[in-house]
Amino acid sequence: MAKPLELIPIKDWGLFSEDPKPYVIAGPCSAETEEQVLETARGLRAFGINVYRAGIWKPRTHPGNFEGIGTDGLAWLQKVKKETGMAVCTEVANAKHIFDCIKYGLDMVWIGARTTANPFLMQEIADALKGTDIPVLVKNPVNPDIDLWIGALERLNLAGVKKLGVIHRGFSTAEKQEYRNAPGWQIAIELRSRYPELPFFADPSHMGGSRAYLKEISQKSMDLGIEGLMIESHCNPDVALSDAKQQLKPCDLQTLLESLRIREKESAAAEYQKQIDHLRAQIDIIDENLIYTLKSRMEISKKIGEYKKQNNVAILQTARWESLLAKAIESGAKAGLSEKFITDVFNAIHEASVEAQNNILKED
Ligand code: PEP
Ligand code: MN
């Protein structure tokens, strides 16, 4: 069981309007000029966005790229707040950033993916936040390590940060793939099930890396029951100094948000409940049968292990495993089950079998 986090519900943070669907944080990747910051904010405010983002300090892969405007940008965010009434937030990566944000009255901060991955920085940030009341959103670490993400949340929570939430922006991979960052939704789902009360945002901009993917990722987030979106928006995306390909004009963001189908967490309708209960009862029986089948399989696998041991034969027989997996993939395809699904399931089964046979070999 995960250690519970002490949390203040997001509706009590005083930043968003009453229970919006979804919660939206929007604004440019980077604050570039006072005009760009204000014009974008006006465009977003015009259709009801309440929380504005803009990066001031930008962690860039290569030196020499635009690394953010620095503290000057905080004064521009103050202006956004004063003129539009929006709450304003930015990314922080060390204690000095926190002190500057507090000095300029920022309403929230977020931790970037590269920083979440660094426990030293997370501790420094947590220490700097002691005694403050500023909400903090923590992006997933760049690598798909749920414990690193949880560790960052724990450090903040231990320092007294209770207005705490997360942003899922996907994970870096060595191989190039369709999205800029691999979604790894299973990690988001795992975190959600461990901390159901933790406010959850998705970041389709950094996950997709392109305007073309924003809609499908946003809809997927809604389908999974994620309650918030952080999306980059720029008054003139094509000339943006960072992440130009993934930013949307405010009016296009409005269109995107209006097109989303929002799912309810639950339905109180009696007929729905009856059907769901009935289907879940069937799933429970199938799951019990699955366990029984896996147990029977494992018993036979152990017998094979005994024979191998008696006959001094090695456990791993690659040809047999390959033909078994190929057969499973073929039957799976006929049953409409994907190759990836069958491969994942059989890999897990095979791994457990090999381990059981290994233990038999080790006896005596
Ligand atoms: C950002 O939100 O501008 C940003 C740099 O994101 P990430 O940490 O997800 O790369
Ligand atoms: Mn960005």
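Every value quoted in this text rests on a predicted model; they were computed, and no experiment measured them.

### Thoughts on the pairing of strand β4 (residues 108–111)
No. 1: Of the two faces of β4, the one holding Met 108 and Trp 110 and the one holding Val 109 and Ile 111 are both buried throughout.
No. 2: Strand direction decides the pairing type here: strand β3 (residues 87–92) and β4, joined by 4 bridges, are parallel. When the bridges of β4 are listed, Thr 90 appears paired with Val 109.
No. 3: Bridging between β4 and strand β5 (residues 136–139) involves 3 bridges; their strand directions are parallel. By the bridge assignment, Trp 110 is partnered in β5 with Leu 137.

### Brief notes about the sheet that holds strand β1 (residues 23–27)
No. 1: Spatial strand order, β1-β2-β3-β4-β5-β6-β7-β8: 8 strands in a closed barrel with parallel pairing. Adjacent strand axes in the sheet meet at a mean angle of 25 degrees, parallel and antiparallel pairs treated alike.
No. 2: Across the sheet, helix α6 (residues 146–158) lies against β5, β6 (164–168) and β7 (200–202), angled at about 160 degrees from β6, the strand it touches most.

### A word on the coordination of the manganese ion (ligand 2)
No. 1: The manganese ion (ligand 2) binds to the protein through Cys 29 (SG), His 206 (NE2), Glu 232 (OE) and Asp 243 (OD); the donor distances cover 2.0 to 2.3 Å.
No. 2: Mapped onto the sequence, the residues coordinating the manganese ion (ligand 2) show the spacing C-x176-H-x25-E-x10-D. Of the two residues, Glu 232 sits in strand β8 (residues 228–232) while Asp 243 sits in the loop between β8 and α10 (250–259), which places them 11 residues apart along the sequence. The pair formed by Glu 232 and Asp 243 is uniform in burial state, with each residue classed as buried.

### What about the pattern of salt bridges?
No. 1: Applying the stated criterion across every chain yields a total of 20 salt bridges.
No. 2: The partner of Asp 107 in a salt bridge is Lys 81, and the shortest N-O contact between them spans 3.0 Å. Taken together, the positions of Asp 107 in the loop between α3 (95–103) and β4 and Lys 81 in helix α2 (residues 72–84) put the pair 26 residues apart, joining distant regions of the chain.
No. 3: Under the relative-accessibility criterion, Asp 107 is labelled buried at 17%.
No. 4: What makes Lys 81 partly exposed here is its relative accessible area of 31%.

### Focus on the domain arrangement of the chain
No. 1: Here the chain is partitioned into domain 1 (10–259) and domain 2 (270–362).
No. 2: Computed from C-alpha coordinates alone, the two centres of domain 1 and domain 2 are separated by 41 Å.

### Some words on the site of ligand 1
No. 1: For ligand 1, the full set of nearby residues is Arg 53, Lys 58, Glu 91, Trp 110, Gly 112, Ala 113, Arg 114, Lys 139, Arg 169, His 206 and Glu 232.
No. 2: Measuring from an oxygen atom of ligand 1, one finds a side-chain N or O atom of Arg 114 at 2.9 Å.
No. 3: One of the side-chain nitrogen or oxygen atoms of His 206 is found 3.4 Å away from an oxygen atom of ligand 1.
No. 4: When isolated, ligand 1 has an accessible area of 300 Å², and the protein chains bury 97% of it.
No. 5: Classifying every residue of the shell around ligand 1 gives 2 nonpolar, 2 polar and 7 charged.

### Quick look at the nonpolar core
No. 1: Residues Tyr 52, Val 136, Val 138, Leu 156 and Leu 191 are the most contacted members of the largest nonpolar core, which totals 67 residues.
No. 2: Looking at this core, the element that brings in the most residues is α6, giving 6 residues.
No. 3: Judged by nonpolar contacts, the second largest core, of 15 residues, contains Trp 13, Leu 137, Ile 167 and Met 230.

Conventions we followed
Residues numbered from 1 in each chain as written. Chains lettered and ligands numbered in written order. Predicted model: local features only at pLDDT ≥ 70, side-chain atom pairs only at ≥ 80, totals over all residues. Heavy atoms only, no water. Buried < 20%, exposed > 50% of the residue type's maximum accessible area, 1.4 Å probe, protein only. Helix = DSSP H or I, 4+ residues; strand = E, 2+ residues; numbered from the N terminus. Pairing = 2+ DSSP bridges. Axes fitted to C-alpha atoms, helices over the stretch in contact; angles between N-to-C directions. Contact = heavy atoms within 4.5 Å. Donors = N, O, S within 2.8 Å, 3.2 Å for Na, K, Ca; no water. Salt bridge = Lys/Arg side-chain N within 4 Å of Asp/Glu carboxyl O. Domains from an automatic or database assignment. Near = heavy atom within 4 Å. Polar contact = N/O pair within 3.5 Å; in protein donor to acceptor, adjacent residues only side chain to side chain. Areas by Shrake-Rupley, 256 points an atom, 1.4 Å probe, with all protein chains shown as cover. Nonpolar A, V, L, I, M, F, W, Y, C, P; charged D, E, K, R; others polar. Core = buried A, V, L, I, M, F, W, Y, C linked by side-chain atoms within 4.5 Å.

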